[in-house]
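# Inside the fold
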Amino acid sequence: MFDEYLQWKPYFEIVPMEADDCREISELHGQRFPRQWSDGEFLSLLLQPNVFGFVARQTNAFFSRPAAGFVLAREVAGEAEILTVAVGNKFGNLGLGWRLMQAALRETSQRGGEVIFLEVEAANQAAIRLYRKLGFTTVAERPAYYAGPDGERSTALVMKRDLR
Ligand SMILES: CC(C)(COP(=O)(O)OP(=O)(O)OC[C@H]1O[C@@H](n2cnc3c(N)ncnc32)[C@H](O)[C@@H]1OP(=O)(O)O)[C@@H](O)C(=O)NCCC(=O)NCCS
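A brief structural summary. The structure presented is a predicted model; accordingly, all values stated were derived computationally and were not measured. (Residues numbered from 1 in each chain as written. Predicted model: local features only at pLDDT ≥ 70, side-chain atom pairs only at ≥ 80, totals over all residues. Heavy atoms only, no water.)

### Let's talk about the environment of leucine 45
Relative to the assigned elements, leucine 45 resides in helix H3 (residues 39-46). Note: C-alpha distance between leucine 45 and alanine 73 (28 residues apart in sequence) is 9.4 Å. (Helix = DSSP H or I, 4+ residues; strand = E, 2+ residues; numbered from the N terminus.)

### Points about the layout of surface pockets
Reported here for the largest pocket is a volume of approximately 1,500 Å³. Residue lining of the largest pocket: 41 residues in total, with Phe33, Val85, Asn124, Ala127 and Tyr131 positioned closest to the centre. Contributions of two or more residues to the lining of the largest pocket are made by helix H2 (22-32), strand S4 (79-87), helix H4 (96-110), strand S5 (115-121), helix H5 (125-133), strand S6 (137-147) and strand S7 (153-162). When residues of the lining of the largest pocket are assigned to their parent elements, the largest contribution, seven residues, is made by S4. (1 Å grid on protein atoms, 1.4 Å probe; cavity = no way out; pocket = protein on both sides within 12 Å on 5 of 7 lines; lining within 4 Å. Points joined across faces, edges and corners; volume = space filled by probe spheres on them.)

### A word on the pattern of salt bridges
A side chain with one charge can pair with a side chain of the opposite charge if their charged atoms come near. One pass over the full model with this rule turns up nine salt bridges. Taking the shortest distance from any N to any O, the salt bridge between glutamate 81 and arginine 74 comes out at 3.3 Å. Exposure remark for glutamate 81: the relative accessible area of 33% places this residue in the partly exposed category. Arginine 142 serves as the salt-bridge partner of glutamate 119, at 2.4 Å between the closest nitrogen and oxygen. Here glutamate 119 is found in strand S5, whereas its partner arginine 142 is found in strand S6, with 23 residues between them in sequence. The class for glutamate 119 is partly exposed, based on a relative accessible area of 35%. Residue classification places arginine 142 among the partly exposed residues on the basis of a relative accessible area of 34%. Residues joined by salt bridges that share partners form a network here, namely Asp21, Glu24 and Arg57. (Salt bridge = Lys/Arg side-chain N within 4 Å of Asp/Glu carboxyl O. Buried < 20%, exposed > 50% of the residue type's maximum accessible area, 1.4 Å probe, protein only.)

Just geometry here; none of it tells us what the structure is for.
What follows is the structure, encoded as structure tokens:
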């Protein structure tokens, strides 16, 4: 019994994002980004026909099925972009970023996407490692692109992956 308790680990499923998820997703977004997107912002994006997303939900929590991460993407005429991706503070390094991105890449291909882009802060090494492992390469740099809360500017990388 005690051994089972020690071996307990969280399990997750990756499911399509729905309107009802937006409040929880907004909260997760606020944990990881300096400017939180509101649930209304998520909803208005999700309602666009070319936008889709996935949510990672823990399936073996005691009282609920908490959202642990999300990805939101858009595909138009063969070209796609990752709009945002994050996992909650408590759920890092469990493979969820990988699984969410794989779900987004698969869905993009199924919608006819031939190439997918994303933007990432050059200092965000955890995200850049994930994207490189998924086959993204850097195709452009945008110096002084992001403005931090203190007014300091930082570089953005544009990364790309072919899906054909
Ligand atoms: C970037 C972010 C989404 C990564 O999510 P995560 O769930 O912690 O990452 P994962 O556990 O999936 O990946 C962790 C590592 O395992 C690798 N990995 C995971 N599953 C894998 C698999 N099945 N096969 C191969 N590699 C895998 C990842 O590439 C990564 O490698 P590293 O050890 O060299 O860093 C997360 O850190 C985050 O939310 N950051 C804040 C928000 C953010 O920066 N978003 C991106 C903005 S552009």
